[in-house]
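One-letter residues, chain by chain:
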Amino acid sequence: MYLTVPFERAWHHRELIRAVVRRELKSRFRGSLLGWVWAIAAPLVMLLAYTFVFSIALPVQAQNISITEYAGNIFCGLIVFNLFSELAYRAPMLLHEHASFVKKSIFPSEAIAWIASIRAFVYAGISFVVLLVFRLVTAHWLPATIVLTPLVVLPFALLMLGIVWFLMGLGAFTKDVAHLMISIVPIMMFATPIFYTFDQLPAHIVPWLKLNVVGDYIDMLRDLVIYGELPNLVVYVVCAIVSYAVFMLGYTFFMRYKSVIVDVI
Amino acid sequence: MSSDVVISCRNVGKAFQLYTHYNDQLKQALLGFWKKFYNQHWVLNDVSFEVRKGERIGIIGRNGAGKTTLLQIICGITTPTTGEVKVEGRIAPILALGAGFDGSLTGRENARIGGAILGLKRNEVERRLPAIAEFAGIGQFLDQQVKYYSTGMVARLAFAVCAHADADILIIDEALAVGDEGFQAKCERYVEEFARRGTILMVSHSLDYLRALSDRLLWIDGGKVRAFGDPGPIIADYRAAVLGQALAAQA
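Described in the following lines is the structure provided in the data block. Bear in mind the structure is a predicted one, so any value in this text is a computation, not a measurement. (Residues numbered from 1 in each chain as written. Chains lettered and ligands numbered in written order. Predicted model: local features only at pLDDT ≥ 70, side-chain atom pairs only at ≥ 80, totals over all residues.)

## Digging into the overall build of chain B
Scanning chain B from N- to C-terminus turns up eight helices and nine strands. The C-alpha atoms of chain B give a radius of gyration of 20 Å, which matches the 18 Å a tight globule of 251 residues would have. Seen through its principal axes, chain B has C-alpha atoms that stretch 55 × 50 × 45 Å. (Helix = DSSP H or I, 4+ residues; strand = E, 2+ residues; numbered from the N terminus. Rg over C-alpha atoms; globule rule 2.2 N^0.38 Å.)

Structure (structure tokens):
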């Protein structure tokens, strides 16, 4: 069945994907004294900075909710958005980065999307643990709905993979895609509920912003992790279907042009 | 395809599309049905040959004749524009030594990734690491970062990984020229021994080496098969053709 082909291919190449992911995770912090401490320090510093800015410098924003809850909200949004932006920036250059793999060895180039995505999700996972510890320290509880997080992360991962395949295929042909991302992603940031939540906005804008699936995922993750509520089931199902469609379309697009790509990079 | 034919190329052609502007590639991909944005250049044209199990095939030809493209097509890295390629068995290509190596990782870590690319499982690679280290013969450099390696050391490690990949078909592109004589002798012994169970395709400009090691020679000239058969006469013809041209150019 065609709908499961991407998973079968990835499973077939699991040893390779695992080996390269291990390499990427290892080499990122090699040569630094503190190594993995940075992976934890970076999100922690960011979290403290946002708490500071929005509690002391701009307290108006956080009128109705506690400061730490507000910081948690922002951080939750940033984890998801940073993951998206890291992949969106990187994807168009991925095949160029791995040119020697793709051209000189029997390397399944579609696996590069899995490798890049897994790597990004590992770092997001570290930030997520920092967030949980932060919530535990400041709010003294964690909602039980946290166990449902994988159900939101899974379709989100499919969405990311689809986007990576699409951008990486397109980026092989033209470097404009990389430049385009540099101008689009910061604008996307404002169209995503990171520094605000949907209920802080004028009601007539919200439906438009909800078209941005990344924002919906942030909203659902906040429900699960910060508020201990279940996300709207309809929104969830729609997001999952859209994500799966993007996943399949991205894969199909990439595989369609895969053999041409080898000759152009 | 008879049972002992492991590689069969039929009317294989490969056209590269030469673009004047970088972005014409994208235009071609998106608007190709409407207009042509490139000039075609045929690197390979109507190449047909069959290789039987256990054969050692040498491939010769001048620079740009299409040898590397042919190997890439056989490996499945790029697809032929026309014709058909059938390959039976697992291929270990040595197209560019250490191409997938990451300078910031140690030789051992790179060997693990190299093994995974060739389709080995993690525990299989682990089990073979001592043998790979022994074959490469680079001593404690195996645990040093690859960026401190010399060219020859990279070549040794890359060849050692491919040599232990349990492949049915070994494809070597100009790879053995960089090692020192001791290592070249080791590779030659390996190639001879490998031919007992597998098939070898090798591109080289060292004619003496090919004369000694190959059963048949494939001479690619201008993207076409110029000759395919006994190494002795083909090498003589090839020498005459290449030197003749060089002399003609001098005169």
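Picking up after the structure, the text goes on.
## Let's talk about the overall build of chain A
Looking only at helices and strands, chain A has eleven helices and zero strands in total. In sequence order, chain A lays out its α and β elements as α-α-α-α-α-α-α-α-α-α-α. In terms of overall dimensions, chain A has C-alpha extents of about 55 × 50 × 35 Å along its principal axes. Per-residue burial over chain A gives 39% buried out of 265 residues. For chain A, the share of sequence-separated contacts (at least 6 apart) that also reach a separation of at least 24 residues comes to 79%. (Buried ≥ 20, exposed ≤ 12 C-beta atoms within 10 Å, placed from the backbone. Contact = placed C-beta atoms within 7 Å.)

## Considering the sheet that holds strand β6 (residues 169–173) of chain B
Residues and elements named next belong to chain B. Spatial ordering of the open sheet is given by β5-β6-β7-β3-β8-β9, a layout of six strands whose pairing is mixed. Each of the sheet's edge strands pairs with one partner strand only, and the pair in question is β5 (91–94) and β9 (224–229). The sheet shows a mean angle of 15 degrees between the axes of neighbouring strands, taken without regard to direction. Bridging between β5 and β6 involves four bridges; their strand directions are parallel. (Pairing = 2+ DSSP bridges. Axes fitted to C-alpha atoms, helices over the stretch in contact; angles between N-to-C directions.)

## Some details on the packing of helix α4 (residues 67–97) of chain A against helix α8 (residues 176–190) of chain A
Residues and elements named next belong to chain A. Close contact between α4 and α8 brings their axes to 8 Å; oriented N to C, the two are set at 170 degrees. The orientation of α4 with respect to α8, classified from their angle, is roughly antiparallel. When α4 is examined against α8, the residues Phe 81, Ser 85, Ala 88, Tyr 89, Pro 92 and Met 93 are found in contact with a partner set consisting of Val 177, Ala 178, Met 181, Val 185 and Met 189. Classifying every residue of the contact of α4 with α8 gives ten nonpolar, one polar and no charged. (Parallel < 35°, antiparallel > 145°, perpendicular 65-115°, else oblique. Nonpolar A, V, L, I, M, F, W, Y, C, P; charged D, E, K, R; others polar.)

## Notes on the interface of chain A and chain B
Every contact between the two is made by 22 residues of chain A and, on the other side, 26 residues of chain B. Taken together, the residues of the side of chain A that touches chain B sort by class into eleven nonpolar, five polar and six charged.

## Comments concerning helix α6 (residues 181–194) of chain B
All names here are of chain B. Between its first and last C-alpha atoms α6 spans 19 Å; for 14 residues at 1.5 Å apiece the expected length is 20 Å, and the two agree. Residues of α6 that are buried: Phe 183, Lys 186, Cys 187 and Val 191. Along the axis of α6, the buried residues cluster in a sector spanning 140 degrees; they form a single face. Within α6, the exposed residues directed more than 90 degrees away from the buried face are Glu 181, Gly 182, Ala 185, Arg 189 and Glu 193. Next to the buried residues of α6 lie β3 (56–60), α5 (151–163), β7 (199–203) and α7 (207–213). (Expected span 1.5 Å × (residues − 1). Arc of directions from axis to C-beta.)

## Examining the environment of Glu124(B)
By secondary structure assignment, the location of Glu124(B) is in helix α4 (residues 122–136). The spatial distance from the C-alpha of Glu124(B) to the C-alpha of Val5(B) is 28 Å, given a sequence separation of 119 residues.

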